[in-house]
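Per-entry structural report
In case you want the letters, here they are:
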Amino acid sequence: MTKGDLRKLYKQKRMALSRAECQKMDQLIFEYLLSLDWSDCRYLHVYLPFGKFNEPDTSLLIEWIRTNYPHIHLVLSRSDIQQGTMTNYLWDEHTELVMNTWGILEPIAGKMLSEDLIDMVLVPLLIADKKGNRVGYGKGFYDRFLAQCRSDVRTIGLSYFEPVDHIEPVDPWDIALQYCVCPSGLYVFE
Ligand code: ADP
Ligand code: MG
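Scoring rules and cut-offs
Residues numbered from 1 in each chain as written. Chains lettered and ligands numbered in written order. Predicted model: local features only at pLDDT ≥ 70, side-chain atom pairs only at ≥ 80, totals over all residues. Heavy atoms only, no water. Helix = DSSP H or I, 4+ residues; strand = E, 2+ residues; numbered from the N terminus. Rg over C-alpha atoms; globule rule 2.2 N^0.38 Å. Buried < 20%, exposed > 50% of the residue type's maximum accessible area, 1.4 Å probe, protein only. Contact = heavy atoms within 4.5 Å. Areas by Shrake-Rupley, 256 points an atom, 1.4 Å probe, with all protein chains shown as cover. Lys, Arg positive; Asp, Glu negative; His and termini not counted. Charge placed at Lys NZ, Arg CZ, Asp CG, Glu CD. Salt bridge = Lys/Arg side-chain N within 4 Å of Asp/Glu carboxyl O. Donors = N, O, S within 2.8 Å, 3.2 Å for Na, K, Ca; no water. Pairing = 2+ DSSP bridges. Axes fitted to C-alpha atoms, helices over the stretch in contact; angles between N-to-C directions. Polar contact = N/O pair within 3.5 Å; in protein donor to acceptor, adjacent residues only side chain to side chain. Core = buried A, V, L, I, M, F, W, Y, C linked by side-chain atoms within 4.5 Å.

**Considerations on the overall build of the protein chain**
Per the secondary structure count, the protein chain includes four helices and eleven strands. Here the C-alpha atoms of the protein chain give a radius of gyration of 16 Å, agreeing with the 16 Å that 2.2 N^0.38 yields for 190 residues. Projecting the C-alpha coordinates of the protein chain onto the three principal axes gives extents of approximately 45 × 35 × 35 Å. Here the protein chain holds 190 residues, and 49% of them are scored as buried. Partitioning the contacts of the protein chain with sequence separation of at least 6, the portion at a separation of at least 24 is 70%. Per element, the accessible surface of the protein chain, about 9,800 Å² overall, is 52% carbon and sulfur. Each charge class in the protein chain was averaged separately, 20 positive and 26 negative side chains, and the resulting centres sit 5 Å apart.

In structure tokens, the structure reads:
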């Protein structure tokens, strides 16, 4: 299936999930995330979910990281919707978050961080394939952002659905995932 067809299909599939189904899958995804090696992570880039689009919730992991790895710095982005770019901020107790026009909380000020610092990224997606290729919302925000990150950054997609066989086309700007965590397990790509 093409990226466009997959985008449409998986948007619909996600919207058909009930709150209870999402919460159950969030718990399973969280449990698989715990099995990743967090020991050498210093800067973890996270996203706050697009509630109305049923994005996998990151809050269980964020709370767990804050409790168990308090030295890990959390990083959140502010999106520039016109440019399709993201600016990264340290997310600590001083960071003021404001709802953007998409209904996502984001930092509006604070300590800006270079992409070079980031060790791991939780990546939102609509669907991945068995090679780690990824379909997002079609605006390329994460492709542009990940292109600025270090080559050894670890990218972890979060998905309610198992990877499909193939995404086509994979475009030159697409950046594949290294891991995808689903309710059925943790997929590791080459
Ligand atoms: P998504 O990854 O959100 O599913 P696509 O891969 O289809 O979306 O990309 C959407 C748009 O973003 C494309 O039109 C592409 O030209 C643009 N884009 C993606 N990455 C880059 C980049 N690194 N530089 C410039 N444009 C980019
Ligand atoms: Mg892409």
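**Considerations on the side chain of R7**
Within the secondary structure, R7 is located in helix 1 (residues 3–15). For the buried R7, which has no salt bridge, the nearest side chain bearing the opposite charge is D174, at an N-O separation of 6.8 Å. The residues touching R7, leaving out its near neighbours within four places in the chain, are L126, V135, G136, Y137 and G138.

**A short note on the pattern of salt bridges**
Considering all chains together, one arrives at seven salt bridges under this definition. Among the ionic pairs, D165 bridges to K130, the shortest N-O distance being 2.7 Å. With D165 in the loop between strand 9 (154–158) and strand 10 (179–182) and K130 in the loop between strand 7 (127–128) and strand 8 (134–135), the pair connects residues that are 35 residues apart, well separated along the chain. Note that D152 and R150 form a salt bridge whose closest N and O atoms lie 2.7 Å from each other.

**Let's talk about the coordination of the magnesium ion (ligand 2)**
For the magnesium ion (ligand 2), the full set of protein donor atoms is D143 (OD) and D174 (OD), at a range of 2.0 to 2.1 Å. Of this pair, D143 sits in helix 4 (residues 141–148) while D174 is found in the loop between strand 9 and strand 10, placing the two residues 31 residues apart along the sequence. An identical accessibility class is assigned to D143 and D174; each is buried.

**Structural notes on the sheet that holds strand 1 (residues 43–45)**
The sheet built from seven strands is open, its strands ordered 3-2-1-6-9-10-11 with mixed pairing. Each having just a single partner strand, strand 3 (85–90) and strand 11 (185–188) make up the two edges of the open sheet. Strand-to-strand twist across the sheet, computed as the mean angle between neighbouring axes with direction ignored, equals 25 degrees. Relative to strand 9, strand 6 (residues 120–124) is paired through five bridges, and the arrangement is parallel. Paired with V123 across the bridge in strand 9 is G157.

**Some details on the environment of S151**
Looking at the element boundaries, S151 is found in the loop between helix 4 and strand 9. The class of S151 is exposed, set by a relative accessible area of 78%. Along the backbone, S151 and D116 are 35 residues apart, and their C-alpha atoms lie at a distance of 9.3 Å.

**Brief notes about the environment of N88**
Structurally, the position occupied by N88 is in strand 3. Considered as a pair, N88 and L76 are twelve residues apart in the sequence and their alpha carbons are 5.7 Å apart. Filtering out sequence-adjacent residues up to four positions away, N88 remains in contact with H45, V75, L76, S77, K111, M112, L113, E115, I118 and F145. Engagement of the side chain of N88 in a polar contact is seen with the side chain of S77, the distance being 2.6 Å.

**What about the nonpolar core?**
Within the largest apolar cluster, 56 residues are counted, with the highest numbers of intra-cluster contacts made by L33, L44, L122 and I156. Per-element accounting of this core gives the leading share, five residues, to helix 2 (residues 19–33). Aside from chain neighbours lying at most four places away, what touches L44 is W38, I65, I72, H73, L74, V75, M120 and L122.

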